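# Coordinate inspection notes
Take a look at the letters that make up each chain.
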Amino acid sequence: MKKLSPIIANTTYSLVFEYKDQNGIVIDITGATGKLSLRKSALASDSIDTVGNVDGTDGKITFSILPAQTNGILERNKETYFIGANLTLVSGEVINLLQSDIQIQENIVRD
């Protein structure tokens, strides 16, 4: 996976995953659910969570972090957070889609 682009605080940040088999064929994930979490450290109890929007027949899941979720969270201009996303299939199987670190940067545009 390529490096994630930084999240700019107080803006919408979206990630889209496409679930495919080893041959590149889309897998129908109708009925599946997804969760994405951002944490200041991997073991931190506080997190920013969002639920994925599943387009089952296309095998796609979209996560969006909304402006209000990152507004005012930074103590410095730029900080590293940990990001993770899971997909839970109808069968109960949980598939890890992402475990990484990501930069959150202060937005230089002010209202």
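Structure first, text after, so check above.
Residues numbered from 1 in each chain as written. Predicted model: local features only at pLDDT ≥ 70, side-chain atom pairs only at ≥ 80, totals over all residues. Heavy atoms only, no water.

## Side note on the sheet that holds strand 8 (residues 94-105)
The strand order 1-8-7-3-4 describes an open sheet built from 5 strands, whose pairing is mixed. What marks the edges here is a single partner per strand, and that holds for strand 1 (7-8) and strand 4 (48-51). Pairing analysis gives 7 bridges linking strand 3 (residues 33-39) to strand 7 (residues 78-88), with the strands arranged antiparallel. Of the residues in strand 7, the one forming a bridge with Ser37 is Gly84. (Pairing = 2+ DSSP bridges. Helix = DSSP H or I, 4+ residues; strand = E, 2+ residues; numbered from the N terminus.)

## A short note on the environment of Ala42
Mapping Ala42 onto the fold places it in the loop between strand 3 and strand 4. According to the relative accessible area criterion, Ala42 is exposed, its value standing at 56%. (Buried < 20%, exposed > 50% of the residue type's maximum accessible area, 1.4 Å probe, protein only.)

## Concerning the pattern of salt bridges
Summed over the entire model, instances satisfying the criterion amount to 3 salt bridges. A salt bridge links Glu18 to Lys20; the shortest N-O distance between them is 3.5 Å. According to the relative accessible area criterion, Glu18 is partly exposed, its value standing at 41%. Measuring nitrogen to oxygen at the nearest pair gives 3.2 Å for the salt bridge that ties Glu79 to Lys40. (Salt bridge = Lys/Arg side-chain N within 4 Å of Asp/Glu carboxyl O.)

## Quick notes on the environment of Ile61
By secondary structure assignment, the location of Ile61 is in strand 6 (residues 60-65). Of the residues examined, Ile61 reaches a relative accessible area of 2% and is grouped as buried. Note: C-alpha distance between Ile61 and Leu36 (25 residues apart in sequence) is 11 Å. If we ignore the near neighbours within four places in the chain, the residues touching Ile61 are Leu15, Val16, Phe17, Thr33, Gly34, Gly52, Asn53, Val54, Leu87 and Leu97. (Contact = heavy atoms within 4.5 Å.)

## Some words on the sheet that holds strand 2 (residues 13-18)
Judged by pairing direction, the sheet is antiparallel, and its 3 strands sit side by side in the order 2-6-5 without closing on themselves. Because the sheet does not close on itself, it has two edges, and the strands there are strand 2 and strand 5 (53-55). On average, each strand axis in the sheet is tilted by 15 degrees relative to the strand beside it, whichever way the strands run. Pairing between strand 5 and strand 6: 3 bridges, direction antiparallel. Within strand 6, the residue paired with Asp55 across the bridge is Lys60. (Axes fitted to C-alpha atoms, helices over the stretch in contact; angles between N-to-C directions.)

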